[in-house]
Amino acid sequence: MVAAVVRDGERDEVAVEEPLEIRVDGAPLSVTMRTPGHDEELALGFLHGEGLIPAGPPRPAGPTDDFAANVVEVAGPLLRDPGSRSFYTTSSCGVCGKGALEEVAVAAPSVAAGPVVSRALLAGLPDRLRAAQPTFTRTGGLHATGLFSADGELLVVREDVGRHNAMDKAIGRALLDGLLPLRGLVLCVSGRVSFELVQKAAVAGAPVLVAVGAPSSLAIELATDRGMTLCGFARGETVNVYTGAERVLG
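Residues numbered from 1 in each chain as written. Predicted model: local features only at pLDDT ≥ 70, side-chain atom pairs only at ≥ 80, totals over all residues. Heavy atoms only, no water.

1. Some remarks on the pattern of salt bridges
Any two side chains of opposite charge can pair, so long as their charged atoms come close to each other.
Part 1 of the reasoning: For the structure shown, the criterion picks out nine salt bridges.
Part 2 of the reasoning: When the shortest N-O distance is used, the salt bridge between Arg-34 and Asp-39 registers 2.7 Å.
Part 3 of the reasoning: Looking at Asp-39, the relative accessible area reads 16%, which means it is buried.
Part 4 of the reasoning: For Lys-169, the salt bridge identified is with Asp-160, shortest N-O distance 2.7 Å.
Part 5 of the reasoning: Residues participating in the shared-partner salt-bridge network are Glu-41, Arg-158, Arg-173 and Asp-177. (Salt bridge = Lys/Arg side-chain N within 4 Å of Asp/Glu carboxyl O. Buried < 20%, exposed > 50% of the residue type's maximum accessible area, 1.4 Å probe, protein only.)

2. Structural notes on helix α6 (residues 195–203)
Part 1 of the reasoning: Across the nine residues of α6, nine count as buried, placing the element largely inside the fold.
Part 2 of the reasoning: All of the buried residues along α6 are Phe-195, Glu-196, Leu-197, Val-198, Gln-199, Lys-200, Ala-201, Ala-202 and Val-203.
Part 3 of the reasoning: Immediately beyond the C-terminal end of α6, within one or two residues, lies Gly-205, with a positive phi of roughly 80°. (Helix = DSSP H or I, 4+ residues; strand = E, 2+ residues; numbered from the N terminus.)

3. What about the pairing of strand β13 (residues 238–243)?
Part 1 of the reasoning: Note that strand β12 (residues 229–235) and β13 share four bridges and pair antiparallel. In the strand pairing of β13, Cys-231 is matched with Val-241.
Part 2 of the reasoning: Where β12 hands over to β13, the hairpin turn is made up of two residues, of which Gly-236 adopts a positive phi near 65°. (Pairing = 2+ DSSP bridges.)

4. Here we look at the side chain of Arg-158
Part 1 of the reasoning: Mapped onto the fold, Arg-158 is located in strand β9 (residues 154–160).
Part 2 of the reasoning: Since its relative accessible area comes to 14%, Arg-158 is described here as buried.
Part 3 of the reasoning: One polar contact links Arg-158 to Glu-41, side chain to side chain, over a distance of 2.6 Å.
Part 4 of the reasoning: Ignoring sequence-local partners within four residues, the contact set of Arg-158 consists of His-38, Glu-41, His-143, Ala-144, Thr-145, Ala-166, Lys-169, Ala-170 and Arg-173. (Polar contact = N/O pair within 3.5 Å; in protein donor to acceptor, adjacent residues only side chain to side chain. Contact = heavy atoms within 4.5 Å.)

5. Regarding the confidence of the model for the chain
Part 1 of the reasoning: In the predicted model, the chain carries a mean pLDDT of 87, and 84% of its residues have values of at least 70.
Part 2 of the reasoning: Every residue in residues 96–101 scores below 50 in pLDDT, and together they form seven contacts with partners more than four places removed in sequence or on other chains. (pLDDT = per-residue confidence, 0-100.)

If you want it as structure tokens, here you go:
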């Protein structure tokens, strides 16, 4: 979604950012700043990444009965009590405002063996992702997450002002399509990769995560712990492999 603005006397387009309240059985749980669109996927992906709903079967998610603006309702029950932890998030950071790492760590088993993928294919995924980002082309203001097959076919792409929201939307779509856990598939993100993105990918069972930008130290630590392949600086014909090199050929 884009909005028209005036810049230096000329019409310009920018990405829309609005709050979204996620409710479960009528009770408010989270507010996130996001780009409107695919809100049901965002809600389901967020709840799954927090360990609050299982991988399947998918549950109803959509507008409230009164069609309140910027609110999405998800059917319960939840797998656990989220407690009093604040789930307010901004478009720039998925875990801002949360406490110590123990508060955001979600139990997830080590990922499956997964595919063995050529280095050249991994290096080329960001270009394939970029070609499928129509709103970024218009505004230059969105992150993206793409879900690829092991041979490089783009299965799902989602854009958002928040990198964590783009990930949640893609994983929410995969949940609805019965693709979780993501065994044999590859996730690619358009920016840097931080702890919360690796966490979401690990909970979704993704064996391989590729980023255009740099990983953080904690992202590398978590990927190592969960047995994931984590790659960064994937540009053109090169890519850095930080963890899980056994899945990379070449």
